[in-house]
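Here is what each chain is made of, one letter per residue.
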Amino acid sequence: MNFIEVIEIDEEGNIKEAKVVNKETFEESEYTKFQWEGLFLKPKWSFRLNKWIETATDDELNPPVEEEELTSEEELAQQVSELEIKDMEKDILIEDLGQQLSDLEIMFIGGKENE
């Protein structure tokens, strides 16, 4: 026996309940329909179109992404992290400048020895 899920609807096409029935003996009726294919957030049977339709709004289908508000502790932690990153960047810059200065001193001293 093969079983399928069918949907019982009201006179407006709204879902009342899902039922499991024998696939071989089930016959679709005005208020009992095969389950829809595809993805629906808010499916509804359209008697006019004779098919399932989506009734969810665009906002329901694509909700806006809301940014979480940080607590004051989280905000301070983020500021500390940003300052630590800037501090590390400064240290790297100082190290690079020191290396460039050393390279210039070597070039300068090396140039005097060749004179």
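The sections below set out a description of the structure shown in this document. (Residues numbered from 1 in each chain as written. Predicted model: local features only at pLDDT ≥ 70, side-chain atom pairs only at ≥ 80, totals over all residues. Heavy atoms only, no water.)

Brief notes about the side chain of Asp10
The condition is simple: In this text, helices come from DSSP runs of H or I with a minimum length of four residues, and strands from runs of E with a minimum of two, each type numbered from the N-terminal end. For this analysis, a polar contact is any N or O atom pair within 3.5 Å, provided that within protein one partner can donate a hydrogen and the other can accept it, and provided that sequence-adjacent residues contribute only side-chain to side-chain pairs. Should any heavy atoms of two residues lie within 4.5 Å, those residues are counted as being in contact.
When you line up the elements, Asp10 lands in the loop between strand S1 (3–9) and strand S2 (15–22). Within the structure, the side chain of Asp10 is placed 3.0 Å from the backbone nitrogen of Gly13, a separation counted as a polar contact. Polar side-chain contacts of Asp10 include one of 2.9 Å to the backbone nitrogen of Asn14. In this structure, Asp10 is in contact with Lys16, Tyr31 and Phe47, ignoring residues within four places of it in sequence.

Concerning the nonpolar core
Our working definition: Throughout this description, the term nonpolar core refers to a set of buried Ala, Val, Leu, Ile, Met, Phe, Trp, Tyr and Cys residues connected via side-chain atoms within 4.5 Å. Each residue is assigned to one of three classes by its accessible area relative to the maximum for its type, calculated with a 1.4 Å probe on protein chains only: buried under 20%, partly exposed between the two thresholds, exposed over 50%.
Counting residues in hydrophobic clusters, the biggest one holds five residues: Ile7, Ile9, Trp36, Trp45 and Trp52. Those residues in contact with Trp36 that sit more than four places away from it in its chain are Ile7, Ile15, Pro43 and Trp52.

Some remarks on the pattern of salt bridges
When their charged atoms lie close together, side chains carrying opposite charge are able to pair. Applied cut-off: Salt bridges are counted wherever a side-chain nitrogen of Lys or Arg sits within 4 Å of a carboxyl oxygen of Asp or Glu.
Counted according to the given criterion, the structure contains five salt bridges. A salt bridge links Glu8 to Lys16, with the nearest nitrogen and oxygen atoms 3.4 Å apart. Judged by its relative accessible area of 52%, Lys16 falls in the exposed class. Among the ionic pairs, Lys42 bridges to Glu60, the shortest N-O distance being 2.6 Å. Of this pair, Lys42 sits in the loop between strand S3 (32–34) and strand S4 (43–46) while Glu60 sits in helix H1 (residues 58–61); the two residues are 18 residues apart in sequence, bridging distant segments of the chain. On the accessibility criterion, Lys42 (38% relative accessible area) is partly exposed. What makes Glu60 partly exposed here is its relative accessible area of 33%.

Focus: the sheet that holds S2
Here is the rule: Whether two strands pair comes down to DSSP finding at least two bridges between them. To define axes, lines are fitted to C-alpha atoms, for helices over the stretch in contact only, and angles between the resulting N-to-C directions are given on a 0 to 180 degree scale.
With respect to topology, three strands assemble into an open sheet ordered S2-S1-S3, the strand pairing being antiparallel. For this open sheet the edge positions go to S2 and S3, each flanked by a neighbour on one side alone. Between one strand and the next, the sheet's axes are offset by a mean angle of 35°, whatever the strand orientation. Pairing of S1 with S2 involves seven bridges; the strand directions are antiparallel. Residue pairing for S2: Ile9 is matched across the bridge by Ile15.

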